[in-house]
Number of protein chains: 4
Amino acid sequence: MNAFGQEFRVMIYGESHGPSVGIIVDGVPPGIALKNEDFIADLDRRRPGSAGTTTRKEEDLPKLISGVFNEFTTGSPLNIQFENRDVRSIDYSAIKNHPRPGHADFVAYKKYKGYNDYRGGGHFSGRLTVALVAAGVIAKKIIQPMHIEAILSEAGGQTDISKAVEQAINQEDSIGGIVSCRVVNVPIGLGEPFFNSVESQISHLIFSIPAVKGIEFGSGFAAARMKGSEHNDPIIDSSGKTASNFAGGINGGITNGNDIQFRVAIKPTSSIRKEQESLNLEKELIETFQIEGRHDACIALRVPVIVEAVTAIVLADLHLTQVR
Amino acid sequence: MNAFGQEFRVMIYGESHGPSVGIIVDGVPPGIALKNEDFIADLDRRRPGSAGTTTRKEEDLPKLISGVFNEFTTGSPLNIQFENRDVRSIDYSAIKNHPRPGHADFVAYKKYKGYNDYRGGGHFSGRLTVALVAAGVIAKKIIQPMHIEAILSEAGGQTDISKAVEQAINQEDSIGGIVSCRVVNVPIGLGEPFFNSVESQISHLIFSIPAVKGIEFGSGFAAARMKGSEHNDPIIDSSGKTASNFAGGINGGITNGNDIQFRVAIKPTSSIRKEQESLNLEKELIETFQIEGRHDACIALRVPVIVEAVTAIVLADLHLTQVR
Amino acid sequence: MNAFGQEFRVMIYGESHGPSVGIIVDGVPPGIALKNEDFIADLDRRRPGSAGTTTRKEEDLPKLISGVFNEFTTGSPLNIQFENRDVRSIDYSAIKNHPRPGHADFVAYKKYKGYNDYRGGGHFSGRLTVALVAAGVIAKKIIQPMHIEAILSEAGGQTDISKAVEQAINQEDSIGGIVSCRVVNVPIGLGEPFFNSVESQISHLIFSIPAVKGIEFGSGFAAARMKGSEHNDPIIDSSGKTASNFAGGINGGITNGNDIQFRVAIKPTSSIRKEQESLNLEKELIETFQIEGRHDACIALRVPVIVEAVTAIVLADLHLTQVR
Amino acid sequence: MNAFGQEFRVMIYGESHGPSVGIIVDGVPPGIALKNEDFIADLDRRRPGSAGTTTRKEEDLPKLISGVFNEFTTGSPLNIQFENRDVRSIDYSAIKNHPRPGHADFVAYKKYKGYNDYRGGGHFSGRLTVALVAAGVIAKKIIQPMHIEAILSEAGGQTDISKAVEQAINQEDSIGGIVSCRVVNVPIGLGEPFFNSVESQISHLIFSIPAVKGIEFGSGFAAARMKGSEHNDPIIDSSGKTASNFAGGINGGITNGNDIQFRVAIKPTSSIRKEQESLNLEKELIETFQIEGRHDACIALRVPVIVEAVTAIVLADLHLTQVR
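Residues numbered from 1 in each chain as written. Chains lettered and ligands numbered in written order. Predicted model: local features only at pLDDT ≥ 70, side-chain atom pairs only at ≥ 80, totals over all residues. Heavy atoms only, no water.

### Describing the overall build of chain A
Here's step 1: Across its full length, chain A holds 7 helices and 15 strands.
Here's step 2: Scaling as 2.2 N^0.38, a compact globule of 324 residues should have a C-alpha radius of gyration of about 20 Å, and chain A matches this with 21 Å.
Here's step 3: C-alpha atoms of chain A, sized along the principal axes, occupy 65 × 55 × 35 Å.
Here's step 4: The buried share of chain A, reckoned over its 324 residues, is 66%.
Here's step 5: Residue pairs in contact within chain A that sit at least 24 positions apart in sequence constitute 72% of those at least 6 positions apart.
Here's step 6: Split by element, the accessible area of chain A, about 10,500 Å² in all, is 47% carbon and sulfur.
Here's step 7: Across chain A, the centroid of the 33 positively charged side chains sits 2 Å from that of the 38 negatively charged ones. (Helix = DSSP H or I, 4+ residues; strand = E, 2+ residues; numbered from the N terminus. Rg over C-alpha atoms; globule rule 2.2 N^0.38 Å. Buried < 20%, exposed > 50% of the residue type's maximum accessible area, 1.4 Å probe, protein only. Contact = heavy atoms within 4.5 Å. Areas by Shrake-Rupley, 256 points an atom, 1.4 Å probe, with all protein chains shown as cover. Lys, Arg positive; Asp, Glu negative; His and termini not counted. Charge placed at Lys NZ, Arg CZ, Asp CG, Glu CD.)

The structure is reproduced here in structure tokens:
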């Protein structure tokens, strides 16, 4: 199923080179002010075009097909749709028979028995994240005063991110990065013990973002090397505020009122200009081939706003289903 | 909701000091041979008692309340129940008013408005993982010939795990660890692109295990420092086998036929004998207190079989819902 | 899946002749007073023993396995379990090979490939409705001040129900009936337009009750012969009260604040003492056979409290998920 | 939630006077041949325009936004979209303040706090059934060789349906009817005992169709007056064929291999030209008003193809989730 959520429910559709991509957002309360301009800031953060990202031009004007009337949400499902305009199909023709290493081309061919739309990655394309960002804009309105901030804290192992990207471009290669995310003004009590802890749900959606390889909350992997006496966050007042935040704002799967904190590992873009070897699906032989087209040297640059969006989707769902 | 799964669906219930804990397993195909002895090996791996784990004696004989007839599954829901026998309620009385740092006591009190069963952590207790292990035994039968193997590869930052545990016991402290998991004989095509990638679903359930702080697939956090030209796994034959496995056996959220590989970070046990400070919920004051009772110096010792169980649950669900 | 509900979620388990039957109830808010005696009145209404119902003795003392602490719900899942004590397996041995006409024996054998527990109908037994009634007791507390009342308004085509039952007993036959249900104090706005109208959800659960053949809301089948000018219920005040109630309290799938009204058709009990013909599954021949054991001449006598229970389950779920 | 289904999942969106209505269909297997013409026959059956139905012109050309490539389904979600072209907003302006008796206007206003799109019934409009019919076209392909046939067997209490409609038109009134549905070539074993019987699921979706007031399977309401000895369908061969079909092809919630048979009661159209009284929402007074615009004298004429569609959706879902 291409859906997520209990009360705030999203369902995504579309292919990179089809007429449109979009997202259905169900469970949005009525009376939320919403107009096209509300999407611009977040969509701009995701948009390609800066150094290290593809130069493919995506105007990304969302069309609100349903669920909005007189610039307020109605309580009915929203269909937020983005036309695919700047599509150069020729760039991707080679992948019909040559699944790109590191991409979903091979598994899509096998899973869907050759019927998948292979152009530009089809339904697996990063293009669909535009729809996630749009749903995130609405989710962010619902979860107020909770506020989410994600940044690219490291790229290619460096904190001077511009320099790291420049190097990658010069080498015709690509680099990964780390996205750090923090949520403030979190109420106590979001999440369920089994099987829907806050970490369960956030990680579930974070791993829907292409190129994510890992997630850690609070102390994360460092916890494996800590002692209990160091790791336990002392509660320092009756609101539950803790002196440290190794828990990442979550105990037993439930928010404890401190900031939610997590970090996400992003792999280097799989599409690179360098010659690579791969399978020729038709001939069933290994061949050398080269990926044409426009690619991101550092896809991680575009990921923070997507991390914010999916986190907002999860929190909106938890917010709307919390114990009353 | 305390449930997980689409076609293979589990729902957990019980409290540490209630009469029983257990799990409902729905969607089990009829005709799977199942008897009580089938649970012993996995339950033994989870059982406390070795150095570094609590000496609380849990006989853990599962009772098959429903869904099994003449030692075969019937196709109806299974209720697998474990009586709570060796319960010393007195050990935990202090926590009624003193939420233990690092535990769910405080959030449970707040979320459930003081009505939660606080004894031994109640529904949040690690005791409930016995039910996960039991469901895992059934799931492992369903997913054959897929096979899962999880090990504790590191504890307290050391690979000599016995030594690390001994040190922690001597210091009346606790340590964390890393669990490494591998699944072999994986078919191509499990998982869904949005929002139910294999990583989404595995991480979802892994974060249902108490004490988990992070998860990474394949290259994981190291990917953030790699280049695309290194990270792309070259396909070397028509079955999709790859020379390296930085993908962890998953591309675009879908299994690619190589081994699924992931690592899980486990925090040090929160319950330690050392004096700690915490909130007195009644007086709304910070006080010093000490946790009595039996505790694990290294809960991570008991986690590998639970990681296997929840991974099996996810794979059974994916196996039963895969594209036909 | 043997589950129902979004926020108030039930999952049923057990077989007629297994150790226990029961129900998991998840999503119950914390702090609801609940003790064993609360179940007695409704369980008594379902209990067999009056004229026209089987003389099988079911003590039906519910055991609250989880989710209740100090006689209040905790917010964790409840497991309400009923032991099967008065089981005479010998009565049902014939059905292993002779699927009873009008029963699920044949389809259960086929669907579960012969692995189903055939004793007493197994998981298909009316015995499981005891668990529905128990869940209903909790649901009724949640939906207050909404109040549900179902009665057997007609049996065997007669309104003198005792007389109709007596006749059926004398004829060693069985009769059906009509259950009429009314819900009062209904708020405006429960239900969803597509696909989860109040009628959708109530009918969904009503058709989980064995022996139900039809359901109609408000005017029901009579509407097919009415004119629009008669059928439209005029709104007579600003609270939405209507002069007539052909709508059955629901417009466009949403409650309109008037009483919800519906009627349910119950077929005659399939188990009768008369000789019948059926398939011998082993020999694959049609044979004459006779059902032994204790049976209800009018199962409809026991249905009203079950109708109330499942209606309460639906309304509790809607109540907990309504637009906030 | 505006969604239905486990493995074959539909999610509907749109408003009568918004830019488009449509449906997302997820879980469609890859490789099903599908082109625009495939929708024409069923859409024509639903189309208004014959005597007794509104003269509103709906071209109803579906646009396949996603999930189809080279005229085959890809395995990704389909978005099937219908533009709203022939919209005369002025007709419906009166209903902003005057909720039409028998319509959802009043409950929509209350449930969505006045933010609902009231034009033409908004999201509650019968217009959305065009999307159901489209999803049904795909579902019908999936369930082959099962075949569904629904007819209007009675209108206004008469079997000469044309005459009944003519009378209603002359009286400026509207009439209801009965739709009879039969499914042939049904395999044994579809459906789940609790809570997802075939009747549960079919009735769930049938009550998503506007104007439905009741449903009965097989013997239906007549069963309430029958005896067990009459009602039990004798099995006459080893395939499970029965001499009679009072069960409607379903025992214990599971298909028994005989035809599924059910009947649906449709109320008379609520929109009539006659003057009616209703609430003025703004003034909170009861006033006389008259509905302008184009209306169906007998909406039941258009319902059979919608009954087929939703039945196909249910059966496709059951088919894709049946015991393997």
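Now that the structure has been shown, we can carry on.
### Digging into the interface of chain A and chain B
Here's step 1: The interface is formed by 101 residues belonging to chain A together with 101 residues belonging to chain B.
Here's step 2: When chain A packs against chain B, the two sides together hide about 7,900 Å² of surface, and 61% of this comes from carbon and sulfur.
Here's step 3: On the chain A side of the contact with chain B, Phe194, Phe195 and Lys213 of chain A bury the most area, a combined 12% of that side's loss.
Here's step 4: Taken together, chain A and chain B are joined by 4 salt bridges.
Here's step 5: Examined bridge by bridge, strand β10 (residues 212–217) of chain A and strand β10 (residues 212–217) of chain B share 3 bridges and lie antiparallel to one another. If you follow Gly214 of chain A over to β10 of chain B, its bridge partner there is Glu216 of chain B. (Buried area = accessible area lost by both parts, 1.4 Å probe. Salt bridge = Lys/Arg side-chain N within 4 Å of Asp/Glu carboxyl O. Pairing = 2+ DSSP bridges.)

### So, helix α7 (residues 304–321) of chain D
Here's step 1: Counted at 1.5 Å a residue, the expected span for α7 of chain D with its 18 residues is 26 Å, and the 26 Å between its end C-alpha atoms agrees.
Here's step 2: For α7 of chain D, a buried count of 17 out of 18 residues is recorded, marking the element as mostly surrounded by other parts of the structure. (Expected span 1.5 Å × (residues − 1).)

### Notes on the pattern of salt bridges
Here's step 1: Counted according to the given criterion, the structure contains 64 salt bridges over all chains.
Here's step 2: With its nearest N and O atoms 2.7 Å apart, the salt bridge here joins Lys140 of chain A to Glu308 of chain A. Here Lys140 of chain A is found in helix α3 (residues 129–143), whereas its partner Glu308 of chain A is found in helix α7 (residues 304–321), with 168 residues between them in sequence.
Here's step 3: A salt bridge links Asp259 of chain B to Arg182 of chain B; the shortest N-O distance between them is 3.1 Å.

### Describing the pairing of strand β9 (residues 177–184) of chain B
A regular strand places its side chains so that they alternate between the two faces of the sheet.
Residues and elements named next belong to chain B.
Here's step 1: Counting buried positions over the 8 residues of β9 gives 6, a clear majority of the element.
Here's step 2: Here strand β8 (residues 147–155) pairs with β9 via 8 bridges, running antiparallel. Bridge pairing links Ile151 to Ser180 in β9.
Here's step 3: As paired elements, β9 and strand β13 (residues 260–266) share 7 bridges and run antiparallel to each other. Each bridged residue has a counterpart across the sheet, and for Gly177 the counterpart in β13 is Ile266.

### Things to note about the packing of aromatic side chains
Here's step 1: As enumerated under the stated definition, the model contains 26 aromatic pairs over all chains in all.
Here's step 2: Considering the side-chain rings of Phe207 of chain A and Phe217 of chain B, the 5.2 Å spacing of their centres and the 85 degrees angle between planes classify their relative orientation as edge-to-face. Placement of the pair is Phe207 of chain A in the loop between α5 (198–206) and β10 and Phe217 of chain B in strand β10, with the two residues belonging to separate chains. Comparing Phe207 of chain A with Phe217 of chain B, the two get one shared label, buried.
Here's step 3: Between Phe194 of chain B and Phe195 of chain B the ring centres are 6.0 Å apart and the planes differ by 75 degrees, which places this aromatic pair in the edge-to-face class.
Here's step 4: Taking relative accessible area as the criterion, Phe194 of chain B reaches 2% and is therefore assigned buried.
Here's step 5: By way of ring pairs, the aromatic residues Phe207 of chain A together with Phe217 and Phe262 of chain B are connected into one cluster. (Phe/Tyr/Trp six-rings, centres within 6.5 Å; stacked < 30°, edge-to-face > 60°.)

### Description of the pairing of strand β15 (residues 285–289) of chain D
Residues and elements named next belong to chain D.
Here's step 1: Relative to β15, strand β14 (residues 276–280) runs antiparallel, the two being bridged by 5 bridges. Across the sheet, residue Ser278 finds its bridge partner in β15, namely Glu287.
Here's step 2: Between β14 and β15, which pair antiparallel one after the other, the connecting turn spans 4 residues, and Glu284 there sits at a positive phi close to 55 degrees.

### As for the relation of the copies chain A and chain B
Here's step 1: With an RMSD of 0.0 Å, chain A superimposes on chain B once it is rotated by 180 degrees and translated 0.0 Å along the axis. When the rotation and shift are considered jointly, the pair of chain copies conforms to a two-fold rotation axis.
Here's step 2: Here 100% of the contact residues of chain A are again contact residues in chain B; the copies associate through an equivalent surface. (Least-squares fit on C-alpha atoms with pLDDT ≥ 70 in both.)

### A word on the sheet that holds strand β9 (residues 177–184) of chain C
Here's step 1: Strand order across the open sheet formed by 8 strands is β8(C)-β9(C)-β13(C)-β10(C)-β10(D)-β13(D)-β9(D)-β8(D), with antiparallel pairing between neighbours. Here the strands that pair on one side only, and so sit at the sheet edges, are β8 (147–155) of chain C together with β8 (147–155) of chain D. Put simply, the sheet's adjacent strands are angled 20 degrees from each other on average, direction ignored.
Here's step 2: Contacts from helix α7 (residues 304–321) of chain C reach β8, β9 and β13 (260–266) of chain C within the one sheet, and its direction differs from that of β8 of chain C by about 145 degrees. (Axes fitted to C-alpha atoms, helices over the stretch in contact; angles between N-to-C directions.)

### Thoughts on the packing of helix α5 (residues 198–206) of chain D against α7 of chain D
All names here are of chain D.
Here's step 1: Orientation of α5 relative to α7, taken along the N-to-C sense of each, is 140 degrees, at an axis distance of 9 Å. Classified by the angle their axes make, α5 and α7 are oblique. Where α5 crosses over α7, the handedness of that crossing is right-handed. For the pair formed by α5 and α7, the contact residues are Val198, Gln201, Ile202, Leu205 and Ile206 on the first element and Val307, Val310, Thr311, Ile313, Val314, Asp317 and Leu318 on the second.
Here's step 2: Taken together, the residues of the contact of α5 with α7 break down into 9 nonpolar, 2 polar and 1 charged. (Parallel < 35°, antiparallel > 145°, perpendicular 65-115°, else oblique. Left-handed = near helix turned anticlockwise from the far one by under 90°. Nonpolar A, V, L, I, M, F, W, Y, C, P; charged D, E, K, R; others polar.)

### With respect to the environment of Arg100 of chain D
Residues and elements named next belong to chain D.
Here's step 1: Mapped onto the fold, Arg100 is located in the loop between β7 (78–83) and α2 (105–111).
Here's step 2: Here the alpha-carbon distance between Arg100 and Leu279, two residues 179 residues apart in the chain, equals 8.6 Å.
Here's step 3: Among the polar contacts listed, one links the side chain of Arg100 to the side chain of Asp105, at a separation of 2.7 Å. (Polar contact = N/O pair within 3.5 Å; in protein donor to acceptor, adjacent residues only side chain to side chain.)

### What to know about the side chain of Thr129 of chain A
All names here are of chain A.
Here's step 1: Assignment of secondary structure puts Thr129 in helix α3.
Here's step 2: A polar contact of 2.5 Å, which involves the side chain of Thr129, links it to the backbone oxygen of Gly126.
Here's step 3: Residues contacting Thr129, with those up to four places away along its chain left out, are Arg46, Pro210 and Ile306.

### Here we look at the packing of helix α5 (residues 198–206) of chain B against helix α7 (residues 303–321) of chain B
Residue and element names in this part refer to chain B.
Here's step 1: Interhelical geometry of α5 versus α7 gives an angle of 140 degrees and a closest axis separation of 9 Å. The pairing of α5 with α7 is recorded here as oblique in orientation. Of the two elements, α5 crosses α7, and the hand of that crossing is right-handed. Contacts between α5 and α7 involve Val198, Gln201, Ile202, Leu205 and Ile206 on the former and, on the latter, Val307, Val310, Thr311, Ile313, Val314, Asp317 and Leu318.

### As for the environment of Ser238 of chain C
Here's step 1: Relative to the helices and strands, Ser238 of chain C resides in the loop between α6 (228–231) and β11 (250–251).
Here's step 2: You can call Ser238 of chain C partly exposed: its relative accessible area is 31%.
Here's step 3: In sequence terms Ser238 of chain C and Ala3 of chain C are 235 residues apart; their C-alpha atoms lie 39 Å from each other.
Here's step 4: In this structure, Ser238 of chain C is in contact with Phe106, Lys110, Leu279 and Glu284 of chain D, ignoring residues within four places of it in sequence.

### Focus: the sheet that holds strand β4 (residues 63–66) of chain C
Residues and elements named next belong to chain C.
Here's step 1: Sheet architecture is open: 5 strands sit in the order β1-β2-β3-β7-β4, paired in antiparallel fashion. Because the sheet does not close on itself, it has two edges, and the strands there are β1 (3–4) and β4.
Here's step 2: Strand direction decides the pairing type here: β4 and strand β7 (residues 78–83), joined by 3 bridges, are antiparallel. Residue pairing across strands places Lys63 opposite Gln81, the latter belonging to β7.

### Comments concerning unusual backbone geometry
The general pattern is negative phi for most residues beyond glycine and trans for most peptide bonds.
Here's step 1: For the bond from Gln144 of chain D to Pro145 of chain D, the omega torsion is 5 degrees, close enough to zero to count as cis.
Here's step 2: Looking at the secondary structure, you find Pro145 of chain D in the loop between α3 (129–143) and β8.
Here's step 3: Going from Phe194 of chain D to Phe195 of chain D, the amide bond is cis rather than trans, its omega being -10 degrees.
Here's step 4: Positionally, Phe195 of chain D belongs in the loop between β9 (177–184) and α5.
Here's step 5: Phi is positive for Asn185 of chain B, which is not a glycine, with a value near 60 degrees.
Here's step 6: In this fold, Asn185 of chain B is placed in the loop between β9 and α5.
Here's step 7: For Glu284 of chain D, which is not glycine, the phi dihedral falls at a positive 55 degrees.

### Remarks on the environment of Lys96 of chain C
Residues and elements named next belong to chain C.
Here's step 1: Of note, Lys96 is situated in the loop between β7 and α2 (105–111).
Here's step 2: For Lys96 and Gly120, which are 24 residues apart along the polypeptide, the C-alpha to C-alpha distance reads 9.7 Å.
Here's step 3: Once residues within four sequence positions are removed from consideration, Lys96 is found in contact with Tyr118 and Leu281.

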